[in-house]
Amino acid sequence: MNGRRIRTPDQRLRVFVSSTLGELAQERATVRDAVQQLRLTPIMFELGARPHPPQALYRSYLEQSDVFIGIYWQSYGWVAPDMSISGLEDEYVRSAGMPRLVYVKRPAPDIQPGLVALIGRLKDEDSASYKSFRDPAELHDLVLDDLAVLLTERFDAVDEGAAAPEDVPTNLPVHPSSFIGREALRGELRGLLRSRDVRLVTLTGPGGAGKTRLALEVSADVVPDFADGVFFVDLSAEHEPDEVFAAIVRAVPLPGTTEDPPREALARGLRNARMLLVLDNFEQVTDAATGVSELLQRCPHLTVLVTSREFLRVRGEIRVAVPPLSLPEPTTTLAGARGSEAVRLFVDRAAALVPGFALTDENVTDVAAICALLDGLPLAIELAAARVNLFAAHELRARLEKRLDELRGGPRDLPERQRTLRRTIEWSTELLRDADRAALAALSVFSGARISDVEAVMERVSALGDLDVVECLGSLLDKNLLLNALSGDGRPRLAMLRTIRGYAAEQLDSRPDVAEAVRRAHAEHYTDLARQWQGCFGPADRDDVLATLSVELGNLRAAWSYWVSAGDIVGLNDLLETLWGYYDQQGNYREAVELGNDLLGVLALQPETPERVRDEIAVQTSLARSMIAVRGYTAEVERSIRIAIDRSDAVEHARQRFSVLRSLATLHILRADIASGDVVGRELLALAEQQREPALLADAHLVLGVTAMGRDIAESLRHLDESIEQCDAQRTSQVQFRVGPSPGVVAHLVSGLLLWHTGFPDRARLRIDRGIEVAAEIGHPYSAAYAWFHGSLAALWQRDLGRVAQHAEEILRIAEAHDYPVWRALAFILRGTAWIGSGRHDDGLAEVERGFSLYAGLSTPPVFWGELLAVRAAGCLMAGRLDHASDLVAEAAAAIWDGDPVEADLEILRGDLLLASPAPDSAAAEVAFERAAAIAGERGARISHLVAATRLAELRRGTPRAREAHAVLQDVYDSFTEGFGIPQLVAARALLDGGPATTPVES
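Residues numbered from 1 in each chain as written. Predicted model: local features only at pLDDT ≥ 70, side-chain atom pairs only at ≥ 80, totals over all residues. Heavy atoms only, no water.

Per an unreviewed UniProt entry, the protein carries the name Winged helix-turn-helix domain-containing protein and comes from Blastococcus jejuensis.

Set out below in structure tokens:
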């Protein structure tokens, strides 16, 4: 690096980013953002990987850079005629001597041999930091963390002519434990303390945030910059302003002796001193702030670093908030957890106590949860880690979820106030006024809040007296007992750390009368707000309302819990529509099930009335549909269905009866009781026509469209088209007890599949694609999963395996994000089938088995089972597992319902298996194909009819029935008006033209 001295981040270090241009465009942008986030200069010179690289130019850029970052995936890059290695590798080679960070994207199934060799070499040389990543977000975090560490370890410069550390007087205490995290903040503070323009820096944050330890670490870093010393002054025992300066005099060796008062002695003794004073725990003596300011004015080379739970509020003060340590994502991986500062601290301290303790796949979820429960506060985490010699991680997590007092017994060399988390928080509240303490306790009922909402709740509570809410909030904010941050909707919002909130809740509960009044006032206020949001889930308001509800969800659920405990059915009903609508829009049916169970429990305590029966049925049916979305068709669901069916006649109000009947129709269909579903569908249509509301009409026609599929496809399509027509984008959304996919999405997808079956492939593709678009437009996860699944079925029928695999990945992404076991199972089945079709037989069969194992555990409704077994049988046939395929076809034939569209395709599969066996049975296969042709012809399923006719024409070649079979195939083929590029029509055309027919395995 040419002997240059690289100093501090504010001098714009240059980071050279190397990669190929043919891939990783998003990743390069991510790295650039991470570099710029640290105020460094990214050198995005990527021509080294292009043909004819201007070598002199990119080598010049590289020589002027300070850090090398390589991001690789599969491409090795181009090798110029005059070079033996690619420009990509040349950049790596020429970066020798500078810090090198290399990141490789995984998986990389098509990685080129040259890149494999390069990666192997850099591993062997051990001269570069090497890490793998899966997506841009993970890469961003890795680069940001690694660069921050580099800034700390390699580019920590001192001023020219600075004193040697051993020559600088200091009384800084040395900690025996390692300092974890805060790399970027630590670098920022060093820069501030070294700046001649900065004289006073105040670190502020809640108790236990690690202010003192950070101040000590940063002060030790800059000892060489202060020739006259760095001195630490603990003010925790001081309570008067004059005592502050006396404590400083005791800590700092002043020249000579003097009888002057401490403040004057300091001003005279430090007038020309280049010194850093570290004043710890200043919140005890904030009245001394003006004296510190005067001292700085009289001592022009003095710098003061303060730790305090509130700012000094004097001129020239640089305020730096010390946040909690970074936490992992709630659903973190082992690699993701290791990137969390809080987790690293916990593991480090636990390992110091219990040798061999490490983060593993088994304990990572519990360790991450412990750190989150403790808000990432270093003190709390260290106290928790001290318990690993008594409890396993999952036991410690369970105990912490119940009580704050678990965190006690810290190291004996800690100050007494820091040996338990409770004592630390109490220390923070001892200086509060009575009004502030009352406000803090009352605020514990909020899950974050706007100031206006806090005021509205407090005004309802007479027991709090004449409280000046705004003044109290300001005081609590100043002392870091409240936090002020922007919420997800961009508005200012007050929040409280979980640990502080738990303590405040205990203080509130110590006064039961006040606690009851505050909690009721809170529930009433947020229930009033929920009423305002009812009916606001239509397209015009949806996004804004969902954003607001997402922010206020904790408060709404707290209100819900209050009304449940109070047995107040009115309060619950007022909240229900808004909460249910929110969870449905999020596709979060687990929470919807919880609401339903709560409501049924409260209803059971009410007197027996027609209204109670009506409400119970409405909840019961919706609960059953929600449980299907979450758990599949289980015995519990079956019980809910039977209760609802037995009592459904008790509901007379048209609109509420529609809601009940709509749920019953879905449940009948899922049980393959199509006839009962059709009866309910006709009553739904009558009610919808009576109400004349498009939303109800769309639902009713959808039900009838589904129930007519096995009886009359033309009628089914008419109903489905009408349902789509009624799903006007501008209609008001009826959200009460809405469950499952959007009617508009279902109508598009089901009609698209029917259009395929009836021989309109092009129209089918357009309809299916539009259904997927509608699901994306409404932003409803469950609808999206439904759309991708049915789209993948259509792709499978068209032998478009790439699209099947792509859709399966989308389904899996949604299933994992929202914990939908049914969709997770289906994604595995579809992905495995695509793998089988592409030649990965063993992998594909294992993946299909994985999906069916999940699905079998879900007690899947019979209405889906036949179709899934047919898909599985087709996969086994493609993989050559004929015996298993035959068993599956037999099982599927027993599982299908009367009129099931898959019936003809099963007969085709049966015939294909008979022909594919080691001893082909042509006669039996011919019978199976004839049955398929008859079923398909009778039902108007032209694609299946075409496939069956093609099989028969191929089988009867050279026989007396060849001409007849050819004529039948010609008639079926001539009935098509579109889709002539699909495999089924291509195979038929080839046979009709006299060439060999290349038949797909399944229809």
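### Description of the overall build of the protein
Note the cut-off: Only runs of H or I of at least four residues qualify as helices and only runs of E of at least two qualify as strands under DSSP, and these elements are numbered from the N terminus. For every residue, the accessible area obtained with a 1.4 Å probe (protein chains only) is divided by the maximum for its type, and the residue is called buried under 20%, exposed over 50%, and partly exposed between those limits. What makes two residues a contact is simply this: any of their non-hydrogen atoms within 4.5 Å. Residue burial considers only the protein chains on display, and all accessible areas are found by Shrake-Rupley using a 1.4 Å probe.
Helix and strand counts for the protein stand at 43 helices and 12 strands. When burial is assessed residue by residue, the protein has 56% of its 1003 residues classed as buried. A separation of at least 24 residues holds for 71% of the contacts in the protein among residues at least 6 apart in sequence. Entry remark: accessible area of the protein is about 42,000 Å², with carbon and sulfur atoms responsible for 50%.

### Details of the packing of aromatic side chains
The geometry of two aromatic rings is summed up by the distance between their centres and the angle between their planes. For clarity, the threshold we go by: Aromatic pairs are defined between Phe, Tyr and Trp rings, using the six-membered ring for Trp, whenever the two ring centres lie within 6.5 Å; interplanar angles under 30 degrees are classed as stacked, those over 60 as edge-to-face, and all others as tilted. For a lysine, the NZ atom is tested; for an arginine, the CZ atom; a charge sits over a ring if that atom is within 6 Å of the ring centre and within 35 degrees of the ring normal.
Tallying each qualifying case throughout the model produces 12 aromatic pairs. Their ring planes at 10 degrees and their centres at 6.3 Å tell us that Phe16 and Phe68 sit as a pair that is stacked. Within this pair, whereas Phe16 is found in strand E1 (residues 14-18), its partner Phe68 is found in strand E3 (residues 67-72), the two being separated by 52 residues in sequence. Here Phe16 and Phe68 have matching classes, each one buried. Three or more aromatic residues joined by ring pairs form one cluster here, namely Tyr782, Tyr786, Phe789, Tyr820 and Trp823. Looking at Arg840, its charged tip hangs above the ring of Trp835, at a distance of 4.2 Å from the centre. Just above the ring of Tyr973 sits the side chain of Arg989; from NZ or CZ to the centre is 4.9 Å.

### Here we look at the nonpolar core
How we decide: Buried Ala, Val, Leu, Ile, Met, Phe, Trp, Tyr and Cys residues that are joined via side-chain atoms within 4.5 Å together make up what is termed a nonpolar core.
Ranked by size, the top nonpolar core spans 105 residues in total, and within it Leu684, Trp823, Leu906, Leu909, Leu946 and Leu969 carry the most contacts. Contact partners of Leu946, with chain neighbours within four places excluded, come to Leu969, Val972, Tyr973, Phe976, Gln984, Leu985 and Ala988. Counting residues in hydrophobic clusters, the runner-up holds 90 residues, among them Ala439, Phe446, Val518 and Leu575.

### Let's talk about the packing of helix H13 (residues 364-373) against helix H15 (residues 393-400)
Rule in force here: Comment: axis = line fitted to C-alpha atoms, over the contacting stretch for helices; angle = value between 0 and 180 degrees taken between N-to-C directions. In these notes the angle categories are as follows: under 35 degrees is roughly parallel, over 145 is roughly antiparallel, 65 to 115 is roughly perpendicular, and the rest is oblique. Crossings are sorted by hand: turned counterclockwise from the far helix by less than a right angle, the near helix makes the crossing left-handed, and turned clockwise it makes it right-handed. Three residue categories are used. Nonpolar comprises Ala, Val, Leu, Ile, Met, Phe, Trp, Tyr, Cys and Pro, charged comprises Asp, Glu, Lys and Arg, and polar comprises the others, including Gly.
Close contact between H13 and H15 brings their axes to 8 Å; oriented N to C, the two are set at 30 degrees. Put simply, H13 runs roughly parallel to H15. Read as a crossing pair, H13 and H15 show a hand that is left-handed. For the pair H13 and H15, contact is made by Thr365, Asp366, Val367, Ala369, Ile370 and Leu373 and by Ala393, His394, Leu396, Arg397 and Leu400, respectively. When grouped by side-chain class, the residues that make up the contact of H13 with H15 number seven nonpolar, two polar and two charged.

### What about the sheet that holds strand E9 (residues 302-308)?
Rules: A pair of strands counts as paired when DSSP detects no fewer than two bridges linking them.
Spatial ordering of the open sheet is given by E7-E8-E9-E6-E10, a layout of five strands whose pairing is parallel. Edge positions in the sheet fall to strand E7 (230-234) and strand E10 (317-321), since each has one partner strand and no second. For this sheet the average axis-to-axis angle between neighbouring strands, irrespective of direction, equals 20 degrees. Alignment of strand E8 (residues 275-280) against E9, held across five bridges, turns out to be parallel.

### A few points about the side chain of Lys105
As a reminder, the rule being used: In protein, a polar contact requires one atom able to donate a hydrogen and another able to accept it; more generally it is a pair of N or O atoms within 3.5 Å, and residues adjacent in sequence count only if both atoms are side-chain atoms.
Looking at where Lys105 falls in the secondary structure, it is placed in strand E4 (residues 100-105). For Lys105, a relative accessible area of 16% gives the class buried. Within polar-contact distance, the side chain of Lys105 engages the side chain of Glu27 at 3.0 Å.

### A word on the environment of Arg298
With respect to the secondary-structure elements, Arg298 resides in helix H10 (residues 289-298). Separated by 26 residues in sequence, Arg298 and Asn272 have C-alpha atoms that sit 9.4 Å apart. Each residue touching Arg298, except ones within four places of it in the same chain, is listed here: Glu264, Ala267 and Arg271.

### Details of the pattern of salt bridges
Quick reminder of the rule: When a carboxyl oxygen of Asp or Glu lies within 4 Å of a side-chain nitrogen of Lys or Arg, that pair is called a salt bridge.
According to the stated counting rule, one finds 60 salt bridges in the structure shown. Note that Arg557 is salt-bridged to Glu594, the shortest N-O span being 2.8 Å. Taken together, the residues span a long stretch of sequence, with Arg557 in helix H22 (residues 542-566) and Glu594 in helix H24 (residues 589-603) at a distance of 37 residues. Classification of Arg557 as buried rests on a relative accessible area of 14%. Residue classification places Glu594 among the partly exposed positions, given a relative accessible area of 36%. The salt bridge involving Arg939 is made with Glu903; its shortest N-O contact spans 2.8 Å. Here the residue Arg939 occupies a position in helix H40 (residues 922-939), and Glu903 occupies one in helix H39 (residues 903-916), the gap between them amounting to 36 residues. Through salt bridges with shared partners, a single ionic network connects Arg460, Arg520, Glu524, Asp528, Arg531 and Asp574.

### A closer look at the packing of helix H31 (residues 743-757) against helix H33 (residues 781-797)
In contact at an axis separation of 9 Å, H31 and H33 are set at 10 degrees when each is read in the N-to-C sense. Classified by the angle their axes make, H31 and H33 are roughly parallel. On H33, the residues that touch Val745, Val746, Leu749, Val750, Leu753, Trp756 and His757 of H31 are Ser783, Tyr786, Ala787, His790, Gly791, Ala794 and Trp797. Its residues assigned to classes, the contact of H31 with H33 shows 10 nonpolar, four polar and no charged.

### Topic: the sheet that holds strand E2 (residues 41-43)
Overall, parallel pairing links the five strands, which are arranged E2-E1-E3-E4-E5 in an open sheet. Here the strands that pair on one side only, and so sit at the sheet edges, are E2 and strand E5 (129-133). The sheet shows a mean angle of 20 degrees between the axes of neighbouring strands, direction not considered. Across three bridges, the pairing between E1 and E2 is parallel. Note that in E2 the partner of Phe16 across the bridge is Ile43. This element, helix H1 (residues 25-37), spans E1, E2, E3, E4 and E5 of the sheet and lies at about 155 degrees to E3. Contacts from helix H3 (residues 87-94) reach E1, E3 and E4 within the one sheet, and its direction differs from that of E3 by about 150 degrees.

### Notes on the pairing of E3
Each regular strand carries side chains that alternate between the two faces of the sheet. The buried fraction of E3 amounts to six of the six residues, a majority that puts the element mostly inside the structure. The side-chain alternation of E3 yields two buried faces, one formed by Val67, Ile69 and Ile71 and the other by Phe68, Gly70 and Tyr72. Taken together, the five bridges between E3 and E4 define a ladder with parallel strand orientation. Looking across to E4, one finds that Gly70 is bridged to Val102.

### What about the environment of Pro918?
Along the chain, the position of Pro918 falls in the loop between H39 and H40. Distance from Pro918 to Leu882, taken between C-alpha atoms, is 9.5 Å for residues 36 residues apart in sequence.

### Points about the confidence of the model for the protein
The line we're drawing: The quantity known as pLDDT measures the predictor's confidence residue by residue, on a range of 0 to 100.
Mean pLDDT over the protein: 82, with 82% of residues reaching 70 or higher. Low pLDDT (under 50) marks residues 1-11, which in the prediction has 30 contacts with non-local residues, meaning those over four places away or in another chain. In this model, residues 995-1003 is a region of pLDDT below 50 whose contacts with residues beyond four sequence positions or in other chains number 34 contacts.

### Brief notes about unusual backbone geometry
That bond from Arg106 to Pro107 is cis: its omega, 0 degrees, falls within 30 degrees of zero. Following the sequence through the fold, Pro107 ends up in the loop between E4 and helix H4 (113-125). In the Ramachandran plot, Asn281 falls in the positive-phi region, its phi being about 65 degrees despite a non-glycine side chain. Tracing the backbone shows Asn281 in the loop between E8 and H10. On the basis of relative accessible area, Asn281 is assigned to the buried category, the value being 6%. Here the phi dihedral of Arg692 falls at roughly 60 degrees; this positive angle occurs in a residue that is not glycine. Counting through the fold element by element, Arg692 comes out in the loop between helix H28 (674-691) and helix H29 (694-707).

### Notes on the side chain of Thr303
Tracing the chain through its elements places Thr303 in strand E9. By relative accessible area, which is 1% here, Thr303 ends up buried. Excluding residues that lie within four positions of it along the chain, Thr303 makes contacts with Leu193, Val198, Arg199, Phe226, Arg274, Met275, Leu276 and Leu277.

### Some remarks on H31
The condition that has to hold: Multiplying 1.5 Å by the residue count of a helix minus one yields the expected span of that helix.
For H31, spanning 15 residues, the distance from its first C-alpha to its last is 21 Å, which sits close to the expected 21 Å at 1.5 Å a residue. Summarising burial for H31: 15 of the 15 residues are buried, a large majority. With its phi angle positive at about 95 degrees, Gly759 sits one or two positions after the end of H31.

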